[in-house]
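# Structural features, examined
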Amino acid sequence: MWQNVQAAPADAILGLADAFRGDTDPRKVNLGVGVYKDESGVTPILRAVKEAEQLLVEREVSKDYLPIPGDMSFAGPVKELLFGAGHAAVVENRVVTAHTPGGTGALRVGAELLHRFLPKATVWVSTPTWVNHRGIFAAAGFPLREYPYYDAMRMGIDFSALLETLQNVPAGDIVVLHACCHNPCGFDLSRAEWDAIIEVAKKKEWLPFLDFAYQGFAESPEADRYAVAGFAATGQDMLVAGSFSKNFGLYDERCGALSLIAPTAAQAEVAMSHMKTVIRVLYSNPPAHGGLIVATILADRRLRAAWREELAAMRQRIVDMRRLLVDGLKARGVNRDFSFINRQRGMFSYTGLDNRVVERLRGEKHIYMVAGGRINLAGLTRKNIDYVCDSICKALADE
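These remarks concern the structure in this document. All values derive from a computational prediction rather than experimental measurement.

Glancing now at the pattern of salt bridges. Under the counting rule described, the total for this entry stands at 19 salt bridges. In this structure, Arg154 and Asp158 form a salt bridge, with 3.5 Å as the shortest nitrogen-oxygen distance. On the accessibility criterion, Arg154 (56% relative accessible area) is exposed. Note that Asp390 and Arg332 form a salt bridge whose closest N and O atoms lie 2.5 Å from each other. Of this pair, Asp390 sits in helix α15 (residues 385-397) while Arg332 is found in the loop between α13 (301-331) and β11 (348-350), placing the two residues 58 residues apart along the sequence. We classify Asp390 as partly exposed; its relative accessible area is 43%.

Listed below in structure tokens is the structure:
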């Protein structure tokens, strides 16, 4: 059946990772895929995770299926992490949360659920957005439109155009928003800008769907949930897709959470009943290990404190790499101001490097980055930063 079928194109990011793995040059540097790396270039297992795993091994008595929305110990502490323990939506039981296979799984379940009840809605995504957003919502059957976000000329957010577009989104449509550490550009909205968007959502009655994949990578777990908590306080319907791949380092455990917020506890309970039916036909129930790790750490005061320290260290390392990249390019006399990179947050940066430079860096210097010049700052280390700065400087000089 496949003899007359053309092969599907490689994933833009994961395909780049495959090419990197096949590169035998010892100088190679991977600034593409969005995975945290430590100073030695390894994606570490957090010490708090190791301790939690040991506890789970000692306590485990069965490999039975989990309930459809995950283990009962999972939802409570995750709600407190995402929204805050004293948040009205949590206290009033207006939030329901399911353990999903990663943040991608949370988005996919949410998209499928929404399409059942809003089949004529349009999904709005930022320009640019995480490449998989389009595929996820299109696969659920939604048409997509864009709202302005990144301004390449000013190296920042075009907030006036963004707000104007959101003011004209029809009631009942769905708007996908990056809660913090925007992927791919790295520029985040200010609190005042978030407040303005929250007011527009209330007035225009479109449905917010927040992608919260990087909690703790901008400022702190508490500060980074500002938009999530703000939308939830309005009492309107909304969804939040959380991920524990980055902030817990659980990439291969595929652990995420889909939270749905409704105006009342009764409506939230009804929504959860339908969320379960969606999950049942997609994957039946989630894998246990990652969710139990998260639940164990969040429920243990000592482990939670240790996790926060490790998360802060990851966040600071990325900040340090941003500074070293900016300073390194400036010290080499590059005829371009890259200081905007220090204003970005999280793992990613739109560097402003065009595709000719990106291709040259890959072909000649074995430095891999996504088309459009997006880089993962966590791929930089103190060992390779000089090589990367030298290579960018030469590539720009040759333009």
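Let's shift gears to the sheet that holds strand β10 (residues 255-261). Spatial strand order, β2-β10-β9-β8-β7-β3-β4: seven strands in an open sheet with mixed pairing. With partners counted over all chains shown, the strands left at the sheet margins are β2 (95-101) and β4 (144-148), one partner each. Taking the axes of each pair of neighbouring strands and ignoring which way they run, one obtains an average angle of 25° across the sheet. Two strands pair when backbone bridges link them, and strand β7 (residues 174-178) and strand β8 (residues 207-212) are joined in this way by five bridges, in the parallel orientation. Among the inter-strand pairings, His178 is bridged to a residue of β8, identified as Asp211.

The next point concerns empty space enclosed by the protein. A water-sized probe, rolled over the atoms, reveals where empty space remains. For the coordinates displayed, the defined rule picks out two cavities of 30 Å³ or more. Considering only enclosed or pocket space, the largest cavity measures out at about 40 Å³ in volume. Of all the secondary structure elements, the ones that give two or more residues to the lining of the largest cavity are α14 (355-365) and α15. Sort the elements by how many residues they give to the lining of the largest cavity and α14 lands first, with four residues. Of the residues that constitute the lining of the largest cavity, the class distribution is two nonpolar, one polar and five charged. Reported here for the second largest cavity is a volume of approximately 30 Å³. Looking at the second largest cavity, the residues that line it are Ser126, Tyr147, Tyr149, Leu177, His178, His182, Leu189 and Trp194.

Definitions and cut-offs
Residues numbered from 1 in each chain as written. Predicted model: local features only at pLDDT ≥ 70, side-chain atom pairs only at ≥ 80, totals over all residues. Heavy atoms only, no water. Salt bridge = Lys/Arg side-chain N within 4 Å of Asp/Glu carboxyl O. Buried < 20%, exposed > 50% of the residue type's maximum accessible area, 1.4 Å probe, protein only. Helix = DSSP H or I, 4+ residues; strand = E, 2+ residues; numbered from the N terminus. Pairing = 2+ DSSP bridges. Axes fitted to C-alpha atoms, helices over the stretch in contact; angles between N-to-C directions. 1 Å grid on protein atoms, 1.4 Å probe; cavity = no way out; pocket = protein on both sides within 12 Å on 5 of 7 lines; lining within 4 Å. Points joined across faces, edges and corners; volume = space filled by probe spheres on them. Nonpolar A, V, L, I, M, F, W, Y, C, P; charged D, E, K, R; others polar.

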